[in-house]
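Fold and contact review
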Amino acid sequence: GNWNVFKKDPKQLKLGSDKSFAPVLDCWERGMKNWNVMRSDAANEGGLPSSSTKAREELEESKQEGSGAIFIMTHGAIGQCMLLLALGLSIEMYGKSRKYSFDNCECIEIEWADGDEHSTRWRRVHPVATKWECTSASQQMASGGLSCSR
């Protein structure tokens, strides 16, 4: 049934009476759109209109303090898709490794250099903090070049 399809190849799962809804593909597309909007807004100095002088001043002050963070609250499926996308990994990795899972109520910190296509490093911060991991090492692990356990 559906569970076996999901465990074997999550992106192939189709739901609904006409089997037209693919939840993992939907989450992947929404995750990609989320990153595109957030990164576009960040590149445009927060996407603030020029008439918003006070907000722009606060944004500039936060940049000087080194706070360019964006907080995202999401459920596990979109969180996992967004993490995989940030790391430059394919949808084929969805559900394949506990290392890249994203549990509900979990917090992950992702660092992104200006202009880079993918993040530079990432770590879990809640419920258990982990050390920073380089995106390139995650890419090597996903391609079978390195092995690790979470």
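Analysis parameters
Residues numbered from 1 in each chain as written. Predicted model: local features only at pLDDT ≥ 70, side-chain atom pairs only at ≥ 80, totals over all residues. Heavy atoms only, no water. Helix = DSSP H or I, 4+ residues; strand = E, 2+ residues; numbered from the N terminus. Buried < 20%, exposed > 50% of the residue type's maximum accessible area, 1.4 Å probe, protein only. Contact = heavy atoms within 4.5 Å. Pairing = 2+ DSSP bridges.

**Points about the environment of G88**
Inspection of the secondary structure puts G88 in the loop between α4 (76–86) and β1 (107–111). G88 sits in the partly exposed class, given a relative accessible area of 35%. Remark: the alpha-carbon pair of G88 and E117, spanning 29 residues in sequence, is separated by 8.0 Å. Contacts of G88, omitting those with residues within four sequence positions, involve H118 and Q139.

**Brief notes about the pairing of strand β2 (residues 121–126)**
Across 5 bridges, the pairing between β1 and β2 is antiparallel. By the bridge assignment for β2, I108 is matched with R124. Taken together, the 2 bridges between β2 and strand β3 (residues 133–134) define a ladder with antiparallel strand orientation. Bridge pairing in β3 links W122 to E133.

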